[in-house]
Amino acid sequence: MQAMSLANGPTRQTDWQGVNWRAANRSVRNLRQRIFRASQAGDLKRVRSLQKLMLRSYANTLVSVRRVTQVNRGRNTPGVDKLVVKTPEARGRLVDHLTTFRPWTAKPARRVYIPKANAKLRPLSIPSVIDRCLQARVKNALEPQWEAIFEGSSYGFRPGRGATTPSRRSTSWLGRTGGRSGW
């Protein structure tokens, strides 16, 4: 980790056990909704300022660290730095480190080869924990803007949408036959 500067940083260590998660999640959700609404209204100046606010938000840092170190399936997978954050104290230190973190250059990803069904190997790159946390912070700031301008019938890798969503939607649409039965 980089040397921590105390200017404009946290005055005390983060108590991971004492975090009000309901308030932190609500703060991030409200900022995401404000970004979404500003993007729908076409107010790019407000979108950019809200995104900058989201990137500096302490609640966003808390939620991002929690997602990477507690919620995600890859929480026990170390990156190239061999760092795995498992204890509440280590999570609090990571939050404190990320709040004073300057713009970064990503560390190289760890390369692992996974066997495929045809007995060949597929490469998988695993970023470090710090890079994953920073990516989660940026995702919270950028995703609402793009969701606001996406087509409603677009079903790619989008939150809340799966591979079966288009088939379910078309089945329900085809089921409305206007009184006729069958196709």
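None of the values given here were measured: they were computed from a predicted structure.

Conventions and cut-offs
- Sequence positions are assigned chain by chain, starting from 1 and proceeding in written order.
- The model is predicted, so local features are restricted to residues of pLDDT at least 70 and side-chain atom pairs to those at 80 or more, both for listing and for counting; the totals for chains, interfaces and linings are taken over all residues.
- Water and hydrogen atoms were dropped before computing side-chain values, which therefore reflect all heavy atoms in the structure.
- In this text, helices come from DSSP runs of H or I with a minimum length of four residues, and strands from runs of E with a minimum of two, each type numbered from the N-terminal end.
- Exposed residues in this analysis have more than 50% of their type's maximum accessible area, buried residues have under 20%, and partly exposed residues fall in between, with area computed by a 1.4 Å probe over protein chains only.
- Two residues qualify as a contact provided that any one of their heavy atoms is within 4.5 Å of a heavy atom in the partner residue.
- Every accessible area reported is derived by Shrake-Rupley at a probe size of 1.4 Å, with residue values counting cover from the shown protein chains alone.
- Here the expected length of a helix is defined as 1.5 Å per residue gap, with one fewer gap than residues.
- The arc in question is the one traced by the directions running from the helix axis out to the C-beta atoms.
- We define the nonpolar core as a collection of buried residues of types Ala, Val, Leu, Ile, Met, Phe, Trp, Tyr and Cys that are connected through side-chain atoms lying within 4.5 Å of one another.
- Here, a salt bridge means any Lys or Arg side-chain nitrogen found within 4 Å of an Asp or Glu carboxyl oxygen.

Mind showing me how you'd approach the overall build of the chain here?
From N to C terminus, the chain includes six helices and two strands. Mapped from its N terminus to its C terminus, the chain presents α and β elements in the order α-α-α-α-β-β-α-α. Residue burial in the chain is summarised as follows: out of 183 residues, 31% are buried. Residue pairs at least 24 apart in sequence account for 67% of intrachain contacts in the chain once pairs closer than 6 positions are excluded. Surface accessibility of the chain: about 12,600 Å² in total, with carbon and sulfur atoms responsible for 53%.

Teacher, can you tell me more about helix H1 (residues 21-41) here?
Each α-helix winds once per 3.6 residues, and so residues spaced three or four apart point in a common direction. Taking 1.5 Å as the rise per residue, H1 with 21 residues should run 30 Å; its terminal C-alpha atoms sit 30 Å apart, in good agreement. For H1, the complete set of buried residues consists of Trp21, Ala24, Val28, Leu31, Ile35, Ala38 and Ser39. Buried residues along H1 cover an arc of 140° about the axis, so they all sit on one side. Facing away from the buried side of H1 by over 90 degrees, the exposed positions are Arg22, Gln40 and Ala41. In this structure, the buried residues of H1 make contact with helix H2 (44-56), helix H3 (58-71) and helix H5 (129-149). Phi turns positive, to about 85°, at Gly42, one or two residues after H1.

I'm lost on unusual backbone geometry in this one. Help?
Backbone phi values are negative for most residues with the exception of glycine, while trans is the configuration of most peptide bonds. If you check the backbone angles, Lys82 has positive phi at about 60° while not being a glycine. According to the relative accessible area criterion, Lys82 is exposed, its value standing at 60%.

Would you mind going over the nonpolar core with me for this structure?
When a protein is soluble and globular, its nonpolar side chains tend to lie buried together. In this structure, Val65, Leu94, Leu98 and Cys133 are the most contacted members of the largest nonpolar core, which totals 28 residues. Among the elements of the structure, H1, H2, H3, helix H4 (88-99) and H5 are those that each provide at least two residues to this core. Ignoring sequence-local partners within four residues, the contact set of Leu98 consists of Thr61, Val65, Ile130, Cys133, Leu134 and Arg137.

I'm lost on the pattern of salt bridges in this one. Help?
If charged atoms from side chains of opposite charge come close, those side chains can pair. For the coordinates displayed, the defined rule picks out three salt bridges. With a closest N to O distance of 3.9 Å, Arg46 and Asp43 form a salt bridge. Salt bridges sharing partners connect three or more residues here, namely Arg32, Lys139 and Glu143.

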